[in-house]
Amino acid sequence: MFDVLVRSVPSRTSLRYLRSFNRVPSLVRDLSSVTAEDVTHFSKILSPSCVLSTFPPSSAPVEELANFNSDWMGKYKGASTTVLKPKNTQQVSEILKWCWERRIGVVPQGGNTGLVGGSVPVNDEVILSLRNMNNIRSFDPVSGILVTDAGCILESLTEFIAPHRHIMPLDLGAKGSCMIGGNVSTNAGGLRLLRYGSLHGSVLGLEVVLPDGTVMNQLSTLRKDNTGYDLKQLFIGAEGTLGVVTGVSILTAAAPEASNNVILVLRDFKDVLPLYQIVKQHLSEILSAFEFIDKGAYDLATKHGQGRALDDSDVEGAGCFVLVETSGGKREHDEEKLNELLESLLSADKPLITTGVLSQSPAQFSSLWALREGVTEAVSKEGKAYKYDISIPLSAFKDVVDATREHLRKKGLMRDDAVKHVIGYGHVGDGNLHLNVVAQTYSKEIESALEPFVYELVESYRGSISAEHGVGVMKTHALHYTKDAVSIEWMKKIKELFDERGIMNPGKVIV
Ligand code: FAD
Ligand code: MLT
Ligand code: ZN
């Protein structure tokens, strides 16, 4: 979990070392390590450029594997010796068949932007990268149904359907790197969930290679199909623990004619809730996002050049900010509604906002979004982040951030050389707070101060320890704060049913 550098092919001792830091659960079964014989076999399935291994015939230096072995935050490190980059479903099937027989662990990897350590090995599992599976299979501009390989980058899909006047039903800050198969496998939420709902609704079908190499073709393009159990739902959010998603059929949305956004500045967090009610009522069908950043998150975003800072006079006395986006069918109508909303908010007897900054051009539109979307990037530039992605009642957002900061202060950890900031931001419309503790470095002391403290806090609100990022390796031990024992038992049974040999993404989600 910490900065463990993988310098050479790990010996048994160094594997144990990694294991202790990566908190590998005891139930991870004994799996085989990749051998030269395995790599020779993989090299028969794939062309040479698609096999990256420290073993012959590839014989790549270990440094070449470093990016695949390390997650986006630099928090989780694996020790894989072999990365395979299949180009089609048949190749994925043959790889899994071999790994199943040999009991080799397999970690599916998309854009490697996951934030819970799910996309990197806990030991020396094979990394199965989907990056070479990037063909769009079909798009129907009438229905808006897109069928695509799992390795297509989200932003490329957005660009592909734009001329057909459609948009993807999800959008996230990682859009330039994350892949649709990764999005499905994490059930990513993001910035449009308020408007277009979750992937459990918009994904119409999946093609999945099961752990033993069998291909399950559920790549339906039907909106309605009530023929019994909806198996694809199991793979949405399974984080690669049940199989490899190779194809995705997804319902895209008609592109809005006009989009506007505004940043509302609030003195006090307590006004966010009533503000949300008013904004919802006033904007109704054109409201497409209602996102929140506290002052600490805003300061980090602007410090690290994410979006243009608002004028000092607008920020004076600010406690937090809300970004409202509208997406509708007629620009004049939407602008009129937004302006009316602003006027009524500012002229109220007890205004909930101190000011509002409305974008006037596409560049300003992007800049306002960057203030919110760019927080993740800013946090990673500022230090090492402990990221808690939680569902709690909206009214508790600030209390949870404040309680965490106070707890760390009492422990003597709110110091520049330990914890630098505790900030909150997130998706108000979805009840999803991102509580980020930004530290100078990852340390056992900080982690023990935060856990189980944060999870117990979430449990006290009957919330979820993972609203949208998933469980990965980070939260396997904490599932019980959100799920009851019976649910966890059935999750284990489902895992066992699909993957009795435990080769798929070992040590993740359910152990
Ligand atoms: P990876 O990180 O490669 O993998 C994630 C998990 O899915 C792993 O467990 C992996 O094994 C599994 N997996 C990947 N591909 C497959 C496949 N084809 N078959 C089976 N399993 C697979 N998340 C949100 O929900 N909302 C946000 O708003 C959001 N914003 C982000 C902003 C930034 C800047 C960053 C860095 C991350 C953000 N994330 C967000 C987290 C992350 O981007 C998402 O979880 C994303 O969906 C992961 O996609 P990926 O292709 O990078 O998957
Ligand atoms: C976001 O909403 O910005 C993402 O989920 C990423 C993060 O939590 O930092
Ligand atoms: Zn988020």
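Quick caveat, the model's predicted, so the values are computed rather than measured. Here the residue index of a chain counts from 1 through its sequence in written order. Numbering of ligands from 1 and lettering of chains from A proceed in the order in which they are written. Thresholds applied to this predicted model are a pLDDT of at least 70 for local features of residues and 80 or more for the giving and counting of side-chain atom pairs; totals over whole chains, interfaces and linings are not thresholded and use all residues. Side-chain descriptors were evaluated using all non-hydrogen atoms of the structure, hydrogens and water having been removed beforehand.

Draft legend 1. Layout of the side chain of Gln306. We count a stretch as a helix when DSSP gives it H or I for four or more residues in a row; a strand needs E for two or more, and each element gets its number in order from the N terminus. Structurally, Gln306 can be placed in the loop between helix H11 (295–303) and helix H12 (312–315). For every residue, the accessible area obtained with a 1.4 Å probe (protein chains only) is divided by the maximum for its type, and the residue is called buried under 20%, exposed over 50%, and partly exposed between those limits. Classification of Gln306 by relative accessible area gives buried; the value is 14%. We call two residues contacting when some pair of their heavy atoms lies within 4.5 Å. In this structure, Gln306 is in contact with Ala301, Ala370, Leu371, Gly374, Glu377, Ala378 and Lys381, ignoring residues within four places of it in sequence.

Draft legend 2. Main features of the sheet that holds strand E8 (residues 203–209). Taken in spatial order, the five strands line up as E5-E6-E10-E8-E9 in an open sheet, and their pairing is antiparallel. Pairing within the sheet leaves two strands with one partner each, and these edge strands are strand E5 (136–140) and strand E9 (215–218). Each strand of the sheet is rotated relative to its neighbour by a mean of 10°, with strand direction disregarded. Where E5 meets strand E6 (residues 145–149), four bridges bridge the pair, whose relative direction is antiparallel. Bridge pairing links Phe139 to Leu146 in E6. In this analysis an axis means a line fitted to C-alpha atoms, helices contributing only their contacting stretch, and an angle means the value between N-to-C directions, from 0 to 180 degrees. Strand contacts of helix H4 (residues 89–102): E5, E8, E9 and strand E10 (244–251), with the helix running at about 45° to E8, the strand carrying the most contacts. What makes two strands pair is DSSP finding at least two bridges between them.

Draft legend 3. Up close: the site of ligand 2. Close to ligand 2 lie Leu115, Arg372, Thr376, Lys387, Tyr425, His427, His434, Glu468 and His469, which account for all nearby residues. Here a polar contact is taken to be a pair of N or O atoms separated by no more than 3.5 Å, where protein atoms must pair a possible hydrogen donor with a possible acceptor and residues adjacent in sequence count only if both atoms sit in side chains. A distance of 2.7 Å separates an oxygen atom of ligand 2 from a polar side-chain atom of Arg372. Between an oxygen atom of ligand 2 and a side-chain N or O atom of Lys387, the distance comes to 2.9 Å. About the coverage of ligand 2: the protein hides 87% of its 260 Å² of free accessible area. Here the term charged refers only to Asp, Glu, Lys and Arg, the term nonpolar to Ala, Val, Leu, Ile, Met, Phe, Trp, Tyr, Cys and Pro, and the term polar to all other amino acids, Gly among them. When the residues that make up the shell around ligand 2 are grouped by side-chain class, the tally is two nonpolar, four polar and three charged. What makes a residue near a molecule or strand is one non-hydrogen atom of that residue sitting within 4 Å of it. For the accessible areas, the method is Shrake-Rupley and the probe is 1.4 Å, while residue cover comes only from the protein chains on display.

Draft legend 4. The arrangement of the sheet that holds strand E15 (residues 355–358) in detail. An order of E15-E12-E14-E13-E17-E18-E16 is seen for the seven strands of this open sheet, with the pairing classed as antiparallel. The open sheet terminates on both sides in strands that have one partner only, identified here as E15 and strand E16 (384–391). Averaged over all pairs of adjacent strands, the angle between strand axes in this sheet comes to 20°, irrespective of strand direction. The strands touched by H11 are strand E13 (287–294), strand E14 (320–328), strand E17 (419–427) and strand E18 (432–439); relative to E13, the strand with the most contacts, the crossing angle is about 90°. Against the sheet, helix H13 (residues 331–346) engages strand E12 (258–266), E14 and E15, with an angle of about 10° to E12.

Draft legend 5. Focus on the domain arrangement of the chain. Domain annotation of the chain identifies domain 1 (2–12 + 383–498), domain 2 (31–129), domain 3 (136–254) and domain 4 (258–375). A straight line from the C-alpha centre of domain 1 to that of domain 4 covers 28 Å. Between domain 1 and domain 4, the buried area comes to about 1,200 Å², and carbon and sulfur atoms account for 71% of it. We define a salt bridge as a side-chain nitrogen of Lys or Arg found within 4 Å of a carboxyl oxygen belonging to Asp or Glu. Across the domain 1-domain 4 interface, the total number found is zero salt bridges. Counting across the interface, domain 1 meets domain 4 through four residue pairs in polar contact (both at pLDDT 80 or more). Elements with a minimum of two residues in the side of domain 1 that touches domain 4: helix H16 (397–410), E17 and E18. Along the lines of polarity and charge, the residues of the side of domain 1 that touches domain 4 split into eight nonpolar, seven polar and one charged. Domains are outlined according to an automatic or database domain assignment. The buried area of a pairing is the accessible area, by a 1.4 Å probe, that goes missing from both parts when the two are put together, added over both.

Draft legend 6. Layout of the site of ligand 1. Surveying the vicinity of ligand 1 reveals 35 residues, the closest of which are Pro108, Gly110, Gly111, Thr113 and Gly114. Between Glu239 and ligand 1, the recorded distance is 3.1 Å, taken from a backbone N or O atom to an oxygen atom. In the model, an oxygen atom of ligand 1 is placed 3.1 Å from a nitrogen or oxygen of the Asn505 side chain. Protein chains shield 97% of the accessible area of ligand 1, which is 970 Å² for the free molecule. Mapped onto the shell around ligand 1, the elements with two or more residues apiece are strand E3 (106–109), helix H6 (180–186) and E10. Looking at the shell around ligand 1, the element that brings in the most residues is H6, giving five residues. Its residues assigned to classes, the shell around ligand 1 comprises 12 nonpolar, 21 polar and two charged. Three or more residues apiece are contributed to the shell around ligand 1 by two domains, here domain 2 (31–129) and domain 3 (136–254).

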